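Working through the structure, step by step
Each chain, written out:
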Amino acid sequence: MTISVDKKDSNKALKKGKANLEVFSETMISLAEKDRDIMAVTSDSRGSGKLVPFAEKLPDQIVEVGIAEQDLVGVAAGLSSAGKKVFAVSPACFLTARSLEQIKNDVAYSDFPVVLVGISAGVSYGALGSTHHSIHDVAVLRAINNVDIVVPADNFETEQTIIAASIATKPVFIKFGKKAMPFLPRLAQSFTIGTASTICEGSDVAFIACGETVLPAYEAAQKLNEQGISAEVISMHTVKPLDENAVLKAAQKCKAVITVEEHSIHGGLGEACASLLLQSGMAKPFRIVGIPDEDTATGSQIEIFEQYGITGDGLAEQALKLL
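The present account deals with the structure reproduced in this document.

Scoring rules and cut-offs
- Residues numbered from 1 in each chain as written.
- Predicted model: local features only at pLDDT ≥ 70, side-chain atom pairs only at ≥ 80, totals over all residues.
- Heavy atoms only, no water.
- Helix = DSSP H or I, 4+ residues; strand = E, 2+ residues; numbered from the N terminus.
- Rg over C-alpha atoms; globule rule 2.2 N^0.38 Å.
- Buried < 20%, exposed > 50% of the residue type's maximum accessible area, 1.4 Å probe, protein only.
- Contact = heavy atoms within 4.5 Å.
- Areas by Shrake-Rupley, 256 points an atom, 1.4 Å probe, with all protein chains shown as cover.
- Pairing = 2+ DSSP bridges.
- Phe/Tyr/Trp six-rings, centres within 6.5 Å; stacked < 30°, edge-to-face > 60°.
- Lys NZ or Arg CZ within 6 Å of the ring centre and 35° of its normal.
- Polar contact = N/O pair within 3.5 Å; in protein donor to acceptor, adjacent residues only side chain to side chain.

**A short note on the overall build of the chain**
Broken down by element type, the chain carries 12 helices and 12 strands. Over its C-alpha trace the chain gives a radius of gyration of 19 Å, about what one expects of a compact globule, namely 20 Å for 323 residues. Along the first, second and third principal axes, the C-alpha set of the chain runs to 60 × 40 × 40 Å. Per-residue burial over the chain gives 58% buried out of 323 residues. Of the contacts formed within the chain by residues at least 6 apart in sequence, a portion of 77% connects residues at least 24 apart. With an accessible surface of roughly 13,100 Å², the chain has 49% of that area assigned to carbon and sulfur atoms.

**Side note on the pairing of strand β1 (residues 38-42)**
The buried fraction of β1 amounts to five of the five residues, a majority that puts the element mostly inside the structure. Where β1 and strand β3 (residues 85-91) come together, five bridges link them in parallel fashion. Residue A40 lies in a different strand from β3, and its bridge partner there is F87. Looking at chain direction, β1 and strand β2 (residues 62-64) are connected through three bridges and run parallel.

**Considering the packing of aromatic side chains**
Each aromatic ring pair is summarised here by two numbers: the centre-to-centre distance and the angle between the ring planes. For the structure on display, the rule yields one aromatic pair. A cation over an aromatic ring shows up here: K15 above the ring of F183, its NZ or CZ 4.9 Å from the ring centre. If you follow R98 out to its NZ or CZ, it ends over the ring of F94, 4.6 Å from the centre.

**Details of the side chain of S197**
Positionally, S197 belongs in strand β7 (residues 197-200). A polar contact is formed between the side chain of S197 and the side chain of R186, at a distance of 3.0 Å.

Just distances and angles here, no functional claims.
Structure (structure tokens):
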């Protein structure tokens, strides 16, 4: 079944924003200027992590370990053990693969509240190919006890995530892409790690998305609404701990549920929601939209999203099929 849509850019009405990484850097500077115990540790990634201004303003609060991700996490854990609040910043593809043992043992098992910041996550490094894609990170970290996982959708969620992480008492993994993100509408201008944010309400289909996929989910909802189909969009910025009440409530009120993520379809947000719904005895038409288990297409993030239907048009089509 096809849907006729207005081809105009549906997010023109949204307030323009910056790349979430830029907001991350600005928020870090603001916090660290007031608290000298806040530190950044980078693995030859201050440039890609937008931390050059941080290093220029606060040179005594940044440590550069070079291309040594395992050392990055170990140093971060050591500084945390000495009372520092540490943000360990590295490309997500390397941070959650090369350093997985250190994350598991030095940070999570040792219970040091290090903030692990995975930059250029998902398929942000698109043209560099699968070696630089990070579509496994949520899956591996969901299986490790004592790590919260947050994937902010826009500048508002990014700022609030960094503020919350700066006072967190347990480890946190934060996942960022690279592109500029508009400010999304939301029913409440509040933020708490572990509590989902409702972007818009609906009763026919619920899109539960995280990170940069929340925008195409919102675009799909707008297209469906033009056809008289009521779509709800939830920004599930915290994948762990999952806001179970939000998932169950959405499934109860809607006829179908679609999860959307810039991640493998295995082990991420979709499977977390599917497991919850199945174990709760709630049978609804359900679809996981993400990166399938195949050799991932090489190209820009936009091209890869189009390849796998992570677009307003593609998600609207998926909703119509389920309905």
